[in-house]
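Examination of the molecular architecture
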Amino acid sequence: MRHGFNDLNLEKMWCGYFDGNTKSKRVQEKCGFRYHHTKENVPCALEGVLRTEHITCLSKAEWISYK
C-alpha cells in the first residue's frame, strides 16, 4: 500500500472478497479497507460459477490516519 500511495500517487485502492470468505474480509479490515458495495453474479475463474463479491476501498487520507 505504501508503494501505491507514495510512489504511484494513488488516491484510492479497491479490494474485494467473495461472500463467505471471512478470512479475506478480516485481512482487508485489518489493513484499513472499509465496505463500499456488493456485486452480484461475479464470475469466479477458479470455480467457473457466479458468486457475490463485496468491494472494499481505502483512500490515501484514511491510510495515512490508519497507520
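Below, the structure is looked at part by part. (Residues numbered from 1 in each chain as written. Predicted model: local features only at pLDDT ≥ 70, side-chain atom pairs only at ≥ 80, totals over all residues. Heavy atoms only, no water.)

What follows concerns the overall build of the protein chain. When you go through the protein chain residue by residue, the secondary structure sums to three helices and three strands. If one aligns the C-alpha atoms of the protein chain with their principal axes, the spans along those axes are about 35 × 20 × 20 Å. Taken across its 67 residues, the protein chain has 27% of its residues classed as buried. When contacts within the protein chain are restricted to residue pairs at least 6 apart in sequence, those whose partners lie at least 24 apart make up 54%. When the accessible surface of the protein chain is summed, it comes to about 5,000 Å², and 52% of that surface belongs to carbon and sulfur atoms. Here the protein chain contributes 11 positively and 8 negatively charged side chains, and the mean placements of these two sets differ by 7 Å. (Helix = DSSP H or I, 4+ residues; strand = E, 2+ residues; numbered from the N terminus. Buried < 20%, exposed > 50% of the residue type's maximum accessible area, 1.4 Å probe, protein only. Contact = heavy atoms within 4.5 Å. Areas by Shrake-Rupley, 256 points an atom, 1.4 Å probe, with all protein chains shown as cover. Lys, Arg positive; Asp, Glu negative; His and termini not counted. Charge placed at Lys NZ, Arg CZ, Asp CG, Glu CD.)

So, on to the nonpolar core. Buried together is how nonpolar side chains tend to be arranged in soluble globular proteins. One finds F5, M13, F33, L58 and W63 forming the largest nonpolar core, which totals five residues. In contact with F33, not counting residues within four places along its chain, are M1, M13, W14, C15, Q28, T56, C57 and L58. (Core = buried A, V, L, I, M, F, W, Y, C linked by side-chain atoms within 4.5 Å.)

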